[in-house]
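A structural walkthrough
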Amino acid sequence: MQRCGIEEVTASLTTEKVNLVFLLQDGPAEETEAIAQLAEGCGVEVKWVNASHMRRMARQGVPSCLALVGRELSGDLAEVMGRPGPIVLLSGVSYALNIGYTIRTSEVSGATAVVIDTPLNSDGRKTAVRASMRSDRVMPVFWESSLDAVAAAKSAGRRVIAVEDCGDVEPWDVDLSDEGGAPLLIVGAEGAGIPQEVLDLCDEIVIIPMAGFYPCYNLQAPMAVMLVECLRQRLANKTE
């Protein structure tokens, strides 16, 4: 997904589809200007970021440039639902930091997109995006209703999988690959959970095992479990 540094980014722009390039403000001019011109010639969008942002994004050091490959950023909800890979739906979640952390976890684990159904106002949404470390720059994020998201998922042939304490199967016992339809993974607010009208539309309801005194995880935890299991299964399928 990430191409890091002048050599990798140059090669990527000339040999594969690049979706976005980040350039370091005040970076070596001979490198950043060359990459900017090459990206422009390929019709690739360029974003300039400071050293702090570059350090957070890069897999090592503070390179002069980064490139995003393998994830298309454009398209409406229906188009994105038709792409491979898991998509996350946060249904009725209202705590901005939880939303932001889940966006980041989704991006890191290779999810295709995140859909958020929330009562947050514009300031709350900005807080969520900041908490995600601006992962929305490298992954589509939609603010849509749960029912619209589920309808779009089903129209695209996705399997709709909820994570809820009424589930009867654990994540590792569910096919979370793209076989039979890539998954739309749904988690709800900690108190209210996923609305019943959404649960009624799900193909499967998964439960995350618990063994402590408190009867509920923070919502970031079950979604992280699901996304890592999705990634594990995808990687396992590639080696078979």
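How each quantity is defined
Residues numbered from 1 in each chain as written. Predicted model: local features only at pLDDT ≥ 70, side-chain atom pairs only at ≥ 80, totals over all residues. Heavy atoms only, no water. Core = buried A, V, L, I, M, F, W, Y, C linked by side-chain atoms within 4.5 Å. Buried < 20%, exposed > 50% of the residue type's maximum accessible area, 1.4 Å probe, protein only. Helix = DSSP H or I, 4+ residues; strand = E, 2+ residues; numbered from the N terminus. Contact = heavy atoms within 4.5 Å. Arc of directions from axis to C-beta. Pairing = 2+ DSSP bridges. Salt bridge = Lys/Arg side-chain N within 4 Å of Asp/Glu carboxyl O. Phe/Tyr/Trp six-rings, centres within 6.5 Å; stacked < 30°, edge-to-face > 60°. Expected span 1.5 Å × (residues − 1). Right-handed = clockwise from strand over helix to strand, strands pointing away.

1. Points about the nonpolar core
Leu90, Ile99, Ile161, Leu176, Leu185 and Met226 are the most contacted members of the largest nonpolar core, which totals 26 residues. The element best represented in this core is helix H9 (residues 220-239), accounting for four residues. Excluding residues that lie within four positions of it along the chain, Leu176 makes contacts with Arg159, Ile161, Pro171, Pro183, Leu185, Met226, Glu229, Cys230 and Gln233. Core analysis: the second largest hydrophobic core is formed by 20 residues, Leu77, Val115, Ala162 and Leu184 among them.

2. Quick word on helix H7 (residues 146-155)
Regarding H7, the residues found buried are Ser146, Ala149, Val150, Ala152 and Ala153. Down the axis of H7, the smallest arc covering the buried residues is 160°, so these residues share one side. Next to the buried residues of H7 lie helix H4 (77-81), strand S5 (87-91), strand S6 (113-117), strand S8 (159-163), strand S9 (183-188) and helix H8 (196-199).

3. Considering the pairing of S5
The element S5 is extensively covered by neighbouring structure, given that five of its five residues are classed as buried. The two faces of S5 match: Ile87, Leu89 and Ser91 on one face and Val88 and Leu90 on the other face are all buried. Sheet topology note: the S5/S6 ladder contains five bridges and is parallel. Directly across from Ile87, in S6, lies its bridge partner Ala113. Two elements, S5 and S9, share five bridges in a ladder whose sense is parallel. Among the inter-strand pairings, Leu89 is bridged to a residue of S9, identified as Ile186.

4. Focus on the pattern of salt bridges
Under the defined criterion, the tally for this structure stands at eight salt bridges. Measuring nitrogen to oxygen at the nearest pair gives 2.8 Å for the salt bridge that ties Glu107 to Arg71. Remark: Arg71 occurs in the loop between strand S4 (65-69) and H4 and Glu107 occurs in helix H5 (residues 96-108); sequence separation between them is 36 residues. Among the residues examined, Arg71 registers a relative accessible area of 4% and is labelled buried. Between Asp203 and Lys154 there is a salt bridge, with its nearest N and O atoms 3.3 Å apart. One end of the pair, Asp203, is in the loop between H8 and strand S10 (204-206); the other, Lys154, is in helix H7, and 49 residues separate them in sequence. The partly exposed category is assigned to Lys154, whose relative accessible area is 38%.

5. Re the packing of aromatic side chains
Scanning all chains against the criterion turns up one aromatic pair. With a centroid separation of 5.6 Å and an interplanar angle of 90°, the aromatic rings of Phe213 and Tyr214 are classed as edge-to-face. Take Phe213 and Tyr214: they sit in the same class, and that class is exposed.

6. Looking at H9
With 20 residues, H9 should reach 28 Å at 1.5 Å per residue; the first-to-last C-alpha distance of 29 Å fits that figure. Among the residues of H9, those classed as buried are Pro222, Met223, Met226, Leu227, Glu229, Cys230 and Gln233. For H9, the angular spread of buried residues about the axis comes to 155°, placing them on one side. For H9, the exposed residues lying more than 90 degrees away from the buried face are Val228, Lys238 and Thr239. On the buried face of H9, the contacting elements are S5, H5, S8, S9 and S10.

7. Describing the pairing of S6
S6 sits mainly inside the fold: four of its five residues count as buried. For S6 and strand S7 (residues 141-143), the ladder comprises three bridges, and the chain directions are parallel. When the bridges of S7 are listed, Ile116 appears paired with Trp143. Remark: the S6/helix H6 (residues 122-131)/S7 crossover connection has right-handed handedness.

8. Quick notes on unusual backbone geometry
At Met133, a position not held by glycine, the phi torsion is positive, near 60°. Structurally, Met133 can be placed in the loop between H6 and S7. With a phi angle near 60°, Arg134 is a residue other than glycine that sits in the positive phi range. Residue placement: Arg134 occurs in the loop between H6 and S7.

Everything listed here is a matter of coordinates, which is why it stays silent on function.
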